[in-house]
Amino acid sequence: MIETVVRAARPVAASIRLLDLAAVDGGPLPRFAAGDHIDLTLAPGLTRSYSLIGAPEPEPRSYQIAVALDAASRGGSRTVHESVHPGSHLMISEPVDDFPLTETAPHTVLIAGGIGITPILSMARRLTHLGASWEVHYAAHSHHAAAFLTELSALADAGTGLLQTYLADEDGPRSLKIASLLADAPGTAHFYCCGPASMLADFEEATRGLNPEHVHLERFRGDPPAALGGQGFTVELARSGKTLHVTPEETILDAVLDAGVGTDFSCMEGICGSCRTTVLSGEPEHHDAVLTPQERAAADTMMICCSGTRGTHLVLDL
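Residues numbered from 1 in each chain as written. Predicted model: local features only at pLDDT ≥ 70, side-chain atom pairs only at ≥ 80, totals over all residues. Heavy atoms only, no water.

### Quick word on helix 1 (residues 76-83)
Thought 1: Regarding helix 1, the residues found buried are G76, S77, V80 and H81. For helix 1, the buried positions fall inside an angular range of 125° around the axis, keeping them on one side.
Thought 2: As for helix 1, its buried residues are in contact with strand 2 (16-23), strand 3 (37-43), strand 4 (46-51) and strand 5 (63-68). (Buried < 20%, exposed > 50% of the residue type's maximum accessible area, 1.4 Å probe, protein only. Helix = DSSP H or I, 4+ residues; strand = E, 2+ residues; numbered from the N terminus. Arc of directions from axis to C-beta. Contact = heavy atoms within 4.5 Å.)

### Looking at the layout of surface pockets
Thought 1: One number sums up the size of the second largest pocket: a volume of about 1000 Å³.
Thought 2: Within the residue set of the lining of the second largest pocket, elements represented by two or more residues are helix 6 (197-206), strand 11 (215-219) and helix 8 (293-298).
Thought 3: The element that contributes the greatest number of residues to the lining of the second largest pocket is strand 11, accounting for 5 residues.
Thought 4: Among the residues making up the lining of the second largest pocket, the classes are represented as 12 nonpolar, 8 polar and 11 charged. (1 Å grid on protein atoms, 1.4 Å probe; cavity = no way out; pocket = protein on both sides within 12 Å on 5 of 7 lines; lining within 4 Å. Points joined across faces, edges and corners; volume = space filled by probe spheres on them. Nonpolar A, V, L, I, M, F, W, Y, C, P; charged D, E, K, R; others polar.)

### Concerning the packing of aromatic side chains
Thought 1: Tallying each qualifying case throughout the model produces 2 aromatic pairs.
Thought 2: A centroid spacing of 5.7 Å and a plane angle of 85° characterise the contact between F32 and Y63, whose relative ring orientation is edge-to-face. Of this pair, F32 sits in the loop between strand 2 and strand 3 while Y63 sits in strand 5, and the two are 31 residues apart along the sequence.
Thought 3: Given the relative accessible area of 5%, F32 is considered buried.
Thought 4: A relative accessible area of 1% means that Y63 is categorised as buried.
Thought 5: Between the aromatic rings of F99 and Y192, the centroid separation amounts to 5.8 Å while the plane-to-plane angle is 70°, which identifies the pairing as edge-to-face. One end of the pair, F99, is in the loop between strand 6 (89-92) and strand 7 (108-113); the other, Y192, is in strand 10 (residues 190-195), and 93 residues separate them in sequence. (Phe/Tyr/Trp six-rings, centres within 6.5 Å; stacked < 30°, edge-to-face > 60°.)

### Topic: helix 6
Thought 1: Restricting attention to buried positions, one finds in helix 6 the residues M199, L200 and F203. Looking down the long axis of helix 6, one finds its buried residues gathered within 95° of arc, a one-sided arrangement. Looking at helix 6, the residues exposed on the side facing more than 90 degrees away from the buried face are A197 and E205.
Thought 2: Contacts made by the buried residues of helix 6 are with strand 7, strand 8 (134-140), helix 5 (178-183), strand 10 and strand 11.

### Here's the deal with the pattern of salt bridges
Pairing is possible between side chains of opposite charge, provided their charged atoms come close.
Thought 1: Counted by the stated rule, this structure contains 9 salt bridges.
Thought 2: Between R7 and D20 there is a salt bridge, with its nearest N and O atoms 2.6 Å apart. Of this pair, R7 sits in strand 1 (residues 2-13) while D20 sits in strand 2, placing them 13 residues apart in sequence.
Thought 3: Judged by relative accessible area, which is 7%, D20 ranks as buried. (Salt bridge = Lys/Arg side-chain N within 4 Å of Asp/Glu carboxyl O.)

### Side note on the sheet that holds strand 8
Thought 1: With parallel pairing, 5 strands are arranged side by side in an open sheet as 9-8-7-10-11. Only two strands of the sheet have a single neighbouring strand rather than two, namely strand 9 (161-167) and strand 11. Taking the axes of each pair of neighbouring strands and ignoring which way they run, one obtains an average angle of 10° across the sheet.
Thought 2: One ladder, built from 7 bridges, connects strand 8 with strand 9; its direction is parallel. Each residue of the ladder has a partner; that of H137, found in strand 9, is Q164.
Thought 3: Where helix 3 (residues 149-157) meets the sheet, its contacts fall on strand 8 and strand 9, and the angle it forms with strand 9 comes to roughly 145°.
Thought 4: The sheet strands contacting helix 6 are strand 7, strand 8, strand 10 and strand 11, and the helix crosses strand 10 at an angle near 160°. (Pairing = 2+ DSSP bridges. Axes fitted to C-alpha atoms, helices over the stretch in contact; angles between N-to-C directions.)

Rendered as structure tokens:
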């Protein structure tokens, strides 16, 4: 973990706040790539993941994140908006690359909804720097709710990209037709999407027949962990030498932590990848939003904060 200080905090759109974070010791922060996120610890037991929106640099002197106030906040976004100010100290993780950009793609289609623009902005900046071809399709409730329009317009004006906005108060709530814009894209293009669940569902449906290596998405939050039913199952921790019973009311991560076994975790919703754990035996039942179809089929890794098993016993490398 890295201790940082908030250098600046300001609104960038309706209910969206930008934080500028620097290392407390004044030194450079770890290098990051377009699409990376950091885990931000806001209080004991309260950690949230946020995309980095700055331009990737060899030795960045600061990180920038933008946080939308969620009406259903369970503490994360509300804390950022109400309790974090310039001078506040926050612990962060090193950058995590669960949403990597393929920089060699002949053309890149970037689709964002609301605060989902944060990783997309970083990608557009990187592709512009490379002189690569790209297009951004950005849906929001209104101009007031759309962050970073000035920055995106400047990138589009640089010559290699195109920006198209879809504002619900002007164009209608369903003005962005993902299937149509994907149909018009070159067959060699790579497609990226970050936004609310309804947008991601449309994106997944529209890209169903495409090469999965060309399709990339990132979620704000995962689906609630599925009820396990029955009597639960057992999990054997190979390195710790413990065998745990996971009840239908808890997750594997709950049982592991209750047993006093330390392991990494953050979002507890299957979207950040922090709790990825190697499966040594057994058949996991995946409920995360991180693993690719190929990784799920391999059945050798899982997110223990939300996933279970199709059988009655798992052996994990913990």
